[in-house]
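Notes for the structure review
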Amino acid sequence: MWKLTRPVWELILRGLAIYLLFILALRLFGKRQLGQFTVFDLALLLLTANSLQPAMTGRDSSLLGGIMLGGTLFIGNWSLGWASLRFPPLKRLLQPPPSILARDGRWDRRALRREWIDLDEAEAALRHAGLEDISQAALVVLEADGTISVIPKQSAVRSQERTP
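Residues numbered from 1 in each chain as written. Predicted model: local features only at pLDDT ≥ 70, side-chain atom pairs only at ≥ 80, totals over all residues. Heavy atoms only, no water.

1. Details of the nonpolar core
Residues Leu-101, Trp-107, Leu-126, Val-140 and Ile-148 are the most contacted members of the largest nonpolar core, which totals 16 residues. Elements represented by at least two residues in this core include exactly β1 (99-103), α6 (109-114), α7 (119-128), β3 (137-142) and β4 (148-152). When near neighbours in sequence (up to four residues on either side) are disregarded, Val-140 contacts Ser-99, Ile-100, Leu-101, Ala-102, Trp-107, Leu-126, Ile-134, Ile-148, Ser-149 and Val-150. Leu-11, Leu-52, Met-56 and Leu-69 belong to the second-largest nonpolar core, a separate cluster that totals five residues. (Core = buried A, V, L, I, M, F, W, Y, C linked by side-chain atoms within 4.5 Å. Buried < 20%, exposed > 50% of the residue type's maximum accessible area, 1.4 Å probe, protein only. Helix = DSSP H or I, 4+ residues; strand = E, 2+ residues; numbered from the N terminus. Contact = heavy atoms within 4.5 Å.)

Structure follows, in structure tokens:
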């Protein structure tokens, strides 16, 4: 239970390599993956994590190895967050810029396709923001964390203020 079957440095190196691969994959596959998980996305995440686990541990299934790998992943995550705050080029590399999905009451269909967001999802974000139609939106933005921000036109804000 406590006896490692792999060297400590190997477990740490394997864990960090898989962690960085995972971060890179999430970055390459877009912002939608981060803030708007579907059932398919969740299944992919769970199955990927399960399939990558043996690559991290090798033949080691000890409790100590699991504790070390968990600690390595948490420390690696904290370190990457710390470094991205202090080094803006690293943050730009890891965090995608926001994408404009609609402007002045009109959807940008190319941007929606590029970000893998269907019109139903985008319109749900409008409704969540209290708007009935895209014509009431000044700007709709897919943020770096995958959330969709909606900025209403001033006329939409005024009509909402009058509604009891």
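2. Describing α7
Residues three or four positions apart in an α-helix share a direction because the helix packs 3.6 residues into each turn. Along α7, the residues classified as buried are Ala-122, Ala-125 and Leu-126. Along the axis of α7, the buried residues cluster in a sector spanning 105°; they form a single face. Exposed residues pointing more than 90 degrees away from the buried face of α7 are listed as Asp-120, Arg-127 and His-128. Gly-130 occupies a position one or two residues after α7 and carries a positive phi of about 90°. (Arc of directions from axis to C-beta.)

3. Re the pattern of salt bridges
A full pass over the atoms with the stated rule returns two salt bridges. Across the pair Arg-6 and Glu-10 runs a salt bridge, and its minimum N-O distance is 3.0 Å. By relative accessible area, Glu-10 is classed as buried at 13%. One salt bridge in this structure joins Glu-10 and Arg-14, with 2.8 Å as the shortest N-O distance. With Glu-10 and Arg-14 both in helix α1 (residues 8-28) and four residues apart, this pair spans about one turn of that helix. According to the relative accessible area criterion, Arg-14 is partly exposed, its value standing at 28%. Taken together, the salt bridges that share partners define one network made up of Arg-6, Glu-10 and Arg-14. (Salt bridge = Lys/Arg side-chain N within 4 Å of Asp/Glu carboxyl O.)

4. A few points about the pairing of β3
Across four bridges, β1 lies against β3 in antiparallel orientation. Paired with Ala-102 across the strands is Val-140, a residue of β3. Bridging between β3 and β4 involves five bridges; their strand directions are antiparallel. Considered in β4, the bridge of Ala-137 is made with Pro-152. Taking the residues between adjacent antiparallel strands as the criterion, β3 and β4 are bridged by five residues, where Gly-146 takes a positive phi near 95°. (Pairing = 2+ DSSP bridges.)

5. Let's talk about the side chain of Asp-60
Summarising the element assignment, Asp-60 is placed in the loop between α3 (39-57) and α4 (63-86). Nearest to the buried, unbridged Asp-60 among oppositely charged side chains is Arg-6, at 6.8 Å. Here the side chain of Asp-60 touches Thr-5 through a polar contact of 2.8 Å, landing on its backbone nitrogen. Among the polar contacts made by the side chain of Asp-60, one reaches the side chain of Ser-62 at a distance of 2.7 Å. Excluding residues that lie within four positions of it along the chain, Asp-60 makes contacts with Leu-4, Thr-5, Arg-6, Leu-11 and Gly-65. (Lys, Arg positive; Asp, Glu negative; His and termini not counted. Polar contact = N/O pair within 3.5 Å; in protein donor to acceptor, adjacent residues only side chain to side chain.)

6. Digging into the packing of α1 against α4
Packing of α1 against α4 brings their axes to within 9 Å, and their N-to-C directions diverge by 45°. The angle between α1 and α4 falls in the class oblique. Between α1 and α4 lies a crossing whose hand is right-handed. In contact with Val-8, Leu-11, Ile-12, Gly-15, Leu-16, Tyr-19 and Ile-23 of α1, α4 contributes Gly-65, Met-68, Leu-69, Thr-72, Leu-73, Gly-76, Asn-77 and Leu-80. Residues belonging to the contact of α1 with α4 are distributed by class as follows: ten nonpolar, five polar and no charged. (Axes fitted to C-alpha atoms, helices over the stretch in contact; angles between N-to-C directions. Parallel < 35°, antiparallel > 145°, perpendicular 65-115°, else oblique. Left-handed = near helix turned anticlockwise from the far one by under 90°. Nonpolar A, V, L, I, M, F, W, Y, C, P; charged D, E, K, R; others polar.)

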